[in-house]
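Listed below are the residues making up each chain.
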Amino acid sequence: MNTIFRSFTFRWWQLALYETALISLGLGVGSIWSDTFEDLAPWLLLVFICIAPYILYLYLDQVSQKAIISRKDDPRDPSQKEGR
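What counts, and at which threshold
Residues numbered from 1 in each chain as written. Predicted model: local features only at pLDDT ≥ 70, side-chain atom pairs only at ≥ 80, totals over all residues. Heavy atoms only, no water. Helix = DSSP H or I, 4+ residues; strand = E, 2+ residues; numbered from the N terminus. Buried < 20%, exposed > 50% of the residue type's maximum accessible area, 1.4 Å probe, protein only. Areas by Shrake-Rupley, 256 points an atom, 1.4 Å probe, with all protein chains shown as cover. pLDDT = per-residue confidence, 0-100. Patch = residues over 30% accessible without salt bridge, like charges linked within 9 Å, V, L, I, M, F, W, Y side chains within 5 Å. Salt bridge = Lys/Arg side-chain N within 4 Å of Asp/Glu carboxyl O.

Quick look at the overall build of the chain
(1) Moving on: Assigned secondary structure in the chain consists of three helices and zero strands.
(2) Moving on: Put simply, the chain runs from its N terminus to its C terminus through helices and strands in the order α-α-α.
(3) Moving on: Every one of the 84 residues in the chain was classed for burial, and the buried ones make up 0%.
(4) Moving on: When the accessible surface of the chain is summed, it comes to about 8,500 Å², and 66% of that surface belongs to carbon and sulfur atoms.

Section: the confidence of the model for the chain
(1) Moving on: Taken residue by residue, the chain gives an average pLDDT of 79. The fraction at 70 or more is 74%.
(2) Moving on: By mean pLDDT, the top-scoring element of the chain is helix α1 (residues 12-32) (89), and the lowest-scoring one is helix α3 (residues 41-72) (81).

Focus: a nonpolar patch on the surface
(1) Moving on: Among the surface-exposed residues, I32, W33, F37, L40, W43, L44 and L46 lie close enough to one another that they form a single nonpolar patch of about 760 Å² accessible area.
(2) Moving on: One can find L40 in the loop between α2 (34-38) and α3.

Written out as structure tokens, the structure is:
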């Protein structure tokens, strides 16, 4: 079954390009349609305040899991040697 929601991975530089594009789009829209979004600014800020901690939590959780996994697989780790 085809689905539009698939898991995929970005490299760090691809994510940097993506973020740069989104910031540029946001600045462009904000500068052109500032009068339109002026009334919505408090609501948009509220949405950001509600969603940003969740995204930060997910990011930090994934980073810590990858760190734990990479430590378990690290051949240089002295506790991984046989006989211990």
